[in-house]
Amino acid sequence: MAKNYVTGMHHVTSCVGKAQEDIDFFTRVIGQRMVKQTVLFDGSTPIYHLYYGNRDAQLGTIMTTFPYRQAGIRGRKGTGQVAVTGYSVAEGALEFWARRLERLGVANDGIRQRLGQSVIRFEHPSGLEFEMVGDDRDARAGWTTDEIEEKDSVRGFNAVTMSVRDRVEQERFLVDAVGFRKTAEDERYQRFEIAEGGPGCTVIVRHDPDVPQGSWTFGEGTVHHVAFAVRNDAEQMEFREQVVGMGYTDCSESKDRNYFHSVYCRSPGGILCEFATSDIGFTIDEPAEELGRNLLLPPWFESRRAEIVAPLEPITVPASSLGGKVPA
Ligand SMILES: [Fe+2]
């Protein structure tokens, strides 16, 4: 039996198309708070790394995106990926979201049932799939805008849906190595929960045995990875040893992501799972009320700022997505 080091979801990272289109989708349509503007730390092509979250910029609500159109690489959707990223809203808010998505021309499937929950699946402009999950257990504080009241606001992540061809090995990884427990199952879907369970502590595995494998590279229109939270460096190292010791050897060393430290493991179903520390946070380089206002680089990039920023698409962040006082 695995020792459980994971306290819940940390963030989800996806590759999108253009930066402004992405900002408009997450801040205006979904009503998220802008939490951080920075850049991709890996590779040589400057690419934005944009972070969105709820009112308190809590781990487990943080969506991060790489606007990959700039590099000209498109991803291929398929198995071995997070297929759908799910947000929680109040059960009573689903009608609001069904109407809102229609009115804004966002492709969606209307309200449907899955494993006993009501969900609306909808699409990001890059083709990424999201859903609103009606879940009254989620008491996290949503960000509000002129168009989205607190009662209708997005609380944070509910669950990610992983698409796999073989679900036996994926279950073994999630349960035996990571510490999830299986809490629901039907012919196509399995629900796994960790820590206190419920919103932000849930993974859904979707069995797609006939769907070809999707791409793993950074590529527009695909989720790159899902990150789960571990407390600190020491527990991250113990956790990594546990996972590798069970034979899941495709795990990176710990990498410095400035706001957290990350270990990346390729799960047997193909999905890249990150295990990120939760003891650093987003206020190490700007105050909580000013999150997301300015483009910030990690200290090791600061001397190259001009060369990194020059090729980036100019962006405008809506005032409605920023906290604190708007400068005159
Ligand atoms: Fe990540």
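Look a little higher up for the structure.
Being a predicted model, the structure only gives us computed values, none of them experimental.

### Section: helix α3 (residues 167-178)
- For α3, which comprises 12 residues, the first-to-last C-alpha distance of 15 Å matches the rise-based estimate of 16 Å (1.5 Å per residue) to within 8%.
- Tucked into the core, α3 has its buried residues touching β9 (156-164), β10 (181-185), β11 (189-193), β12 (202-207), α4 (233-245) and β16 (272-277).
- In this structure Asp166 caps α3, since a side-chain oxygen of it lies 2.9 Å from the backbone nitrogen of Val168.
- Positive phi appears at Gly179, one or two residues downstream of α3, with a value of about 110°.

### Quick look at helix α1 (residues 19-29)
- With eight of 11 residues buried, α1 lies mostly within the body of the structure.
- Downstream of α1 by one or two residues, Gly31 has phi in the positive range, about 75°.

### Considering the environment of Tyr264
- With respect to the helices, strands and loops of the structure, Tyr264 is situated in strand β15 (residues 261-266).
- With 13 residues separating them in the primary sequence, Tyr264 and Cys251 have C-alpha atoms 5.5 Å apart.
- Tyr264 has contacts with His225, Asp250, Cys251, Ser252, Lys255, Arg257, Leu272, Cys273 and Glu274, leaving out every residue within four places of it along the chain.
- Side chain to side chain, Tyr264 and Arg257 meet in a polar contact 2.9 Å long.

### Re the sheet that holds strand β1 (residues 8-16)
- Strand order in the open sheet formed by eight strands is β2-β3-β4-β1-β13-β16-β15-β14, with mixed pairing between adjacent strands. Only two strands of the sheet have a single neighbouring strand rather than two, namely β2 (33-39) and β14 (255-256).
- Pairing analysis gives six bridges linking β2 to strand β3 (residues 48-53), with the strands arranged antiparallel. Paired with Gln37 across the two strands is Leu50, which belongs to β3.
- Contacts from α1 reach β1, β2, β3 and β4 (62-67) within the one sheet, and its direction differs from that of β3 by about 5°.

### Topic: the coordination of the iron ion
- Protein coordination at the iron ion: the donors are His11 (NE2), His225 (NE2) and Glu274 (OE), at 2.0 to 2.1 Å from the metal.
- Within one chain, the residues serving as donors to the iron ion are arranged as H-x213-H-x48-E. Here His225 is found in strand β13 (residues 222-230), whereas its partner Glu274 is found in strand β16, with 49 residues between them in sequence.
- Judged by its relative accessible area of 0%, Glu274 falls in the buried class.

### Re the packing of aromatic side chains
- In the structure shown here, the tally under the stated rule is 22 aromatic pairs.
- Each ring, one from Phe25 and one from Phe26, has its centre 5.3 Å from the other, and the planes form 85°; the classification is edge-to-face.
- Take Phe25: its relative accessible area is 4%, and that puts it in the buried class.
- An angle of 35° between the planes, with centres 6.3 Å apart, marks the rings of Phe25 and Phe122 as tilted. On the criterion of sequence distance, the pair formed by Phe25 in helix α1 and Phe122 in strand β7 (residues 117-123) is long-range, its members being 97 residues apart. Each of the two residues, Phe25 as well as Phe122, counts as buried.
- By way of ring pairs, the aromatic residues Phe25, Phe26, Tyr52, Tyr87, Phe122, Phe130 and Phe157 are connected into one cluster.
- We note Arg114 situated over the ring of Tyr189; from NZ or CZ to the ring centre the distance is 5.7 Å.
- Just above the ring of Trp216 sits the side chain of Arg266; from NZ or CZ to the centre is 3.8 Å.

### Brief notes about the pattern of salt bridges
- Following the criterion strictly, the structure yields 28 salt bridges and no others.
- The residue Asp42 makes a salt bridge to Arg257 at a minimum N-O spacing of 2.9 Å. Taken together, the residues Asp42 in the loop between β2 and β3 and Arg257 in the loop between β14 and β15 connect sequence positions 215 residues apart.
- The exposure class of Arg257 is buried, given its relative accessible area of 10%.
- We note a salt bridge from Glu131 to Arg114, for which the minimum N-O separation is 2.9 Å. Of the two residues, Glu131 is situated in strand β8 (residues 129-134) and Arg114 in strand β6 (residues 108-114); the sequence distance between them amounts to 17 residues. One exposure class covers both Glu131 and Arg114, and it is buried.
- Taken together, the shared-partner salt bridges connect Lys77, Asp109, Arg121, Glu123 and Glu129 into one network.

### A word on unusual backbone geometry
- Backbone geometry at Ala57 places phi at a positive 50°, although glycine is not the residue there.
- Residue position: Ala57 is located in the loop between β3 and β4.
- On the basis of relative accessibility, which here comes to 9%, the residue Ala57 falls in the buried class.

### Description of the packing of α3 against α4
- Where α3 meets α4, the closest approach of the two axes is 9 Å, and the angle between their N-to-C directions is 130°. Classed by the angle they form, the pair α3 and α4 counts as oblique. Like other packed secondary-structure pairs, α3 and α4 cross with a definite hand, here right-handed. Judged by residue contacts, Phe173, Ala177 and Val178 of α3 engage Phe239, Gln242 and Val243 from α4.

Reading guide: rules and limits
Residues numbered from 1 in each chain as written. Predicted model: local features only at pLDDT ≥ 70, side-chain atom pairs only at ≥ 80, totals over all residues. Heavy atoms only, no water. Helix = DSSP H or I, 4+ residues; strand = E, 2+ residues; numbered from the N terminus. Expected span 1.5 Å × (residues − 1). Contact = heavy atoms within 4.5 Å. Polar contact = N/O pair within 3.5 Å; in protein donor to acceptor, adjacent residues only side chain to side chain. Buried < 20%, exposed > 50% of the residue type's maximum accessible area, 1.4 Å probe, protein only. Pairing = 2+ DSSP bridges. Axes fitted to C-alpha atoms, helices over the stretch in contact; angles between N-to-C directions. Donors = N, O, S within 2.8 Å, 3.2 Å for Na, K, Ca; no water. Phe/Tyr/Trp six-rings, centres within 6.5 Å; stacked < 30°, edge-to-face > 60°. Lys NZ or Arg CZ within 6 Å of the ring centre and 35° of its normal. Salt bridge = Lys/Arg side-chain N within 4 Å of Asp/Glu carboxyl O. Parallel < 35°, antiparallel > 145°, perpendicular 65-115°, else oblique. Left-handed = near helix turned anticlockwise from the far one by under 90°.

None of the figures reported here should be taken as evidence of function without further support.
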